[in-house]
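# Residue-level structure breakdown
What follows is the residue order along each chain.
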Amino acid sequence: MDLLPFKSFLFLLSVVGCGSNILPPGKLYLRSGQSVTFEITLPWKPMVVSWSFTIGSDPVNIASFIASNVTINPDYKERASLNKENGFLTLTDLTEADSGSYGVTAMSGSGTLLGEREVIILGPVSHVVIESSISEAIEYNSTVVLTCSAKGSSLTFTWTNNTVPIKNDGKRITVEDEATSSKLTIVGVLRWDLMGPIYCTAANKLDSNKSAPFNLTVFYGPDEAIIVPADPPKYIKSNSTFNLVCTTPSDPPATFKWYRDKEELDVTIPLLTLKDLEGLKLGEEMGNYHCMASNAKTQRSASSGVVTFAVMKAISGASITGPSLTLIAGNSSANLSCQATSGTIESRTWKNDNGPLSASGRIVFANDKSSILINPVEKDDNGKYKCELTNHVSTDTAIYNLIVNFGPEAATVTGVEAVEVNDPVKLTCFAQSVPPATYTWKFNGSVIDNQTNVYTIEKAIYKNSGTYMCEAHNSVTGQTTVTNHKLSVKEEGALDEGLSDGAIAGIVIAVLITLGAVIALVMYCRQKTPIESPY
């Protein structure tokens, strides 16, 4: 049977259309290589069903049946089948060329129904690759173009820096998508733009694929150079552990130069040590130091701020020198000088046992307090003298023992003035003196064989009564002082103290009371007893 007139009739029906859409609404996305069965929804069993495919403006008949006679377009013979019971069309081995509009016309004695659905066949997404227009970039200077290409159909592209989406700002960063590629352009690239890694993801409705991580070196810096510590002490102790470090962000790492004032130092690393400065015979004078960082790739340099300091030796070997002659109070003068074997002395402080020393009529300081003159020395000047030397980095102390000879001053004797015979006697003589005095005892003008300041008698006898004289002598000053002490030796009991005045008064009162009581009793008795007359 010639089906051409009937096909034309079906096509006319499909164009005119009647009834509702017997295919599901919306686009249908399928992967290439898959199979699909188009199902139609009918209220009755169809007598006639015809399927067509349209891409562009010309429809192509795929398959149809009239009654039980099924006809398949030769172009679809190996891939299409039509169920004559329900009108379902099955296609196998789909390709992207099968994308288009599928239409169906179903007729029965009850009427005619039409259907249409857009079908998109998508190829798998693969081979997602990022390529760069340059192999390395300079921050601020370079424009970087990254191209992401992929295989697949109906592709969309997204760019991410690690996991953060890269946004098209329409100015510095732009993204242009094409069918199978996307172009990311960054003008005046910054170091963090491509710090990444960068990923490109290609996707369609059914599939997606991500590129391998992409990294591009962006050379940058140096930024502002910073010296650590930024505010060092103004004076640094010589031979101590002190370093300056110059730091700056830079890729590749910066190279460094150090300067003292305007003079370049022979140091090309970021660390400037105190040992370096002392090795260069620098630092003893106050100086301004700064560093310069340079990047060979970016051709940029950055200079740090200035730090100012001087290196100072610590004070050591402090000592006080004093007079070599013997000092005698009231007659001699003393000059004490305070010095150190090493280090710069900036100040001196003098003290003695009584506290800080200050200028007076007898004490005169040198202008720099390096020495003091005491004229004349007195006995109270005896003792330890301390000189404290200081500078900005250290303190050292020296001690000197000053000896001023004086005396002896007035001698005194302590001991009893009277004893009983056979009692012991101890007399002690003392006179302040430097050096300590030597003592001589005399009894009634005669020298006693005793060379200490203590004279003792184990048992006193009457002949020990008399005048004891003590002489105190200072062999350095040549002075002597004398004092006398009288001793009286008495018979035994002569020095008993007896009853005290209070005790005697008590006894007298008690006797008087007793006597009064006796007299009263006698008078009472006389009154009570009759006296017989002798006559």
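See the structure shown above.
Residues numbered from 1 in each chain as written. Predicted model: local features only at pLDDT ≥ 70, side-chain atom pairs only at ≥ 80, totals over all residues. Heavy atoms only, no water.

A few words now on unusual backbone geometry. For the bond from Gly196 to Pro197, the omega torsion is 15°, close enough to zero to count as cis. Structurally, the position occupied by Pro197 is in the loop between strand S16 (181-186) and strand S17 (198-203). Omega for the bond connecting Val228 with Pro229 falls within 30 degrees of zero, at 0°, which places this linkage in the cis form. Following the sequence through the fold, Pro229 ends up in the loop between strand S20 (226-228) and strand S21 (235-237). The phi dihedral of Asn162 falls on the positive side, at around 60°, and the residue is not glycine. Mapped onto the elements of the fold, Asn162 is located in the loop between strand S13 (156-161) and strand S14 (164-165). Its relative accessible area of 42% is what places Asn162 among the partly exposed residues. One non-glycine residue, Lys281, adopts positive backbone phi at about 60°. Mapped onto the fold, Lys281 is located in the loop between helix H2 (274-279) and strand S26 (287-295). (Helix = DSSP H or I, 4+ residues; strand = E, 2+ residues; numbered from the N terminus. Buried < 20%, exposed > 50% of the residue type's maximum accessible area, 1.4 Å probe, protein only.)

Applying the stated criterion across every chain, the model contains four disulfides. Across the disulfide, Cys148 is cross-linked to Cys200 (sulfur-sulfur distance 2.0 Å). Measuring handedness by torsion sign, the sulfur bridge of Cys148 and Cys200 sits at about -90° and is left-handed. One end of the pair, Cys148, is in strand S12 (residues 144-151); the other, Cys200, is in strand S17, with 52 residues separating them in the sequence. (Disulfide = S-S within 2.5 Å.)

Here we come to the sheet that holds strand S4 (residues 58-66). Taking strand neighbours across the sheet as the criterion, the six strands line up as S1-S9-S8-S3-S4-S5 in an open arrangement whose pairing is mixed. Each end of this open sheet is capped by a strand with a single partner; those strands are strand S1 (28-31) and strand S5 (69-72). Here the strands of the sheet are splayed against their neighbours by 25° on average, with no regard to which way each runs. In this sheet, S4 lies alongside strand S3 (residues 48-55) in antiparallel orientation, the contact comprising eight bridges. If you follow Phe53 over to S4, its bridge partner there is Val60. (Pairing = 2+ DSSP bridges. Axes fitted to C-alpha atoms, helices over the stretch in contact; angles between N-to-C directions.)

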